[in-house]
Amino acid sequence: MSVLDLARPEIRAMQPYSSARMEASGGEVFLNANESAWAPVGDDGLGCNRYPEPQPAALVDALAALYGVRREQLLVGRGSDEAIDLLVRAFCRAGRDAILIQPPTFGMYAVSARVQDAGIVEVPLAADFTLDVDAVLAALTPAVKLVFICTPNNPTGQPVPRAAVERLAQALSGRALLVVDEAYVEFSDAGSVAALIDRYDNLAVLRTLSKAWALAGARIGSLLANAEVIALLRRIMAPYPLPLPCVEAALMALSGWGQANARERIGIVCEQRARMQTALRRLPGVREVLPSQANFLAVRFDEATVVYQGLLAAGIVVRDVRRYPNLGDALRITIGTPAENDRVLAVLKSPAMDGQGVAEGAA
Ligand SMILES: *Cc1c(COP(=O)(O)O)cnc(C)c1O
């Protein structure tokens, strides 16, 4: 059995779009793609009058080296969001197949499933936000084609132990593709499971340059998976997904200089995370700071609404995650610069933020 047997048969059978750029090989004068022969103003040698490479070789090589996979095991696209969407579209037949997720978790898995009219099987995380592998396996139905796990999880911050990932990959073999979202793995002690894709053909890993690599605005994400899965997704991907300026920005970030910079910033974030965790735990009105291996903290408050509003009034926007199961009193606070974190703490320590001040203000 091939892992592609899990994919939609009509996608496997379809003839993909063949772009001018794909068909071209060699040549010097390009009159094949109806592009402008002239560069736009301010182009500065970038060549934006030409369509970009569908999968820019230099970027694919740099990312494959970074993540420790072979280039045919990597698909680069517009953020991990695009990879999530491509996976759902390639593996889930509308109205018939399903994905499995563990709430509270990242919202895009369910959004992509709904767009595709795929079902959503929910297996909530345990009360301490750990993943229950047995519960996931027990909830599995033949309709489930994709199992998403997020490690460290957004919005809670906990990683899924490697042993649990392996157990799932093994148990799902021949039944479903296991998609491990490692958007925050650079901030974690856990390490990536990317090396396991050689062992499990049904394992896929999502990585992104949006968080630790400071490139959320460039929209560069990667899917690491079995070469056959990557080739299948390329069939349905937009012909030219990656804008040239974004590819340039990514190559700069992945240069020696860029990597040193990213490592330094990751170190600062981890330091600041520890500092904020300690400081927040000491504040009155803070019920709990969830242990986090990501670049954010989920914090439970006695009065989450008051805190949210108080921060907002001081110009600080945090994420209200109270709609998530088991997080009805929580806000998610991203780790900022030391000065930004100071501002958060100053507001939370201000008199308006303790119960007394609020009661007085309300009176
Ligand atoms: C931020 C985030 C991503 C990244 O999405 P991009 O499209 O790459 O920006 C993916 N997964 C999770 C869980 C995230 O929190």
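Residues numbered from 1 in each chain as written. Predicted model: local features only at pLDDT ≥ 70, side-chain atom pairs only at ≥ 80, totals over all residues. Heavy atoms only, no water.

Under an unreviewed UniProt entry, the name given to the chain is Histidinol-phosphate aminotransferase, and the organism recorded is Rhodanobacter glycinis. Word for word, the UniProt comment on the chain under Subunit (unreviewed entry) is "Homodimer." According to its UniProt record, the chain has this under Catalytic activity (unreviewed entry): "L-histidinol phosphate + 2-oxoglutarate = 3-(imidazol-4-yl)-2-oxopropyl phosphate + L-glutamate". (UniProt positions renumbered as here; feature names shortened; annotations may be inferred.)

Concerning the environment of Val165
Counting through the fold element by element, Val165 comes out in helix α7 (residues 162–172). Looking at Val165, the relative accessible area reads 1%, which means it is buried. With residues up to four places along the chain from it excluded, the contact list for Val165 reads Ile149, Val160, Leu178, Val180, Val193 and Leu203. (Helix = DSSP H or I, 4+ residues; strand = E, 2+ residues; numbered from the N terminus. Buried < 20%, exposed > 50% of the residue type's maximum accessible area, 1.4 Å probe, protein only. Contact = heavy atoms within 4.5 Å.)

Re the site of the ligand
Taken together, 14 residues are adjacent to the ligand, and Ser80, Asp181, Thr208, Ser210 and Lys211 come closest. Between Ser210 and the ligand, the recorded distance is 2.6 Å, taken from a side-chain N or O atom to an oxygen atom. Considering the ligand on its own, with 390 Å² of exposed area, one finds that the protein chains cover 94% of that surface. In the shell around the ligand, the residues fall into five nonpolar, five polar and four charged. (Near = heavy atom within 4 Å. Polar contact = N/O pair within 3.5 Å; in protein donor to acceptor, adjacent residues only side chain to side chain. Areas by Shrake-Rupley, 256 points an atom, 1.4 Å probe, with all protein chains shown as cover. Nonpolar A, V, L, I, M, F, W, Y, C, P; charged D, E, K, R; others polar.)

Brief notes about the packing of helix α4 (residues 79–91) against helix α5 (residues 108–115)
Direction vectors running N to C along α4 and α5 enclose 40 degrees, while the axes themselves pass 9 Å from each other. The orientation of α4 relative to α5 falls into the category oblique. As α4 packs across α5, the resulting crossing turns out to be right-handed. Listed contacts from α5 to Asp81, Ile84, Asp85 and Val88 of α4 are Met108, Tyr109, Ser112 and Ala113. Residues of the contact of α4 with α5, tallied by class, amount to five nonpolar, one polar and two charged. (Axes fitted to C-alpha atoms, helices over the stretch in contact; angles between N-to-C directions. Parallel < 35°, antiparallel > 145°, perpendicular 65-115°, else oblique. Left-handed = near helix turned anticlockwise from the far one by under 90°.)

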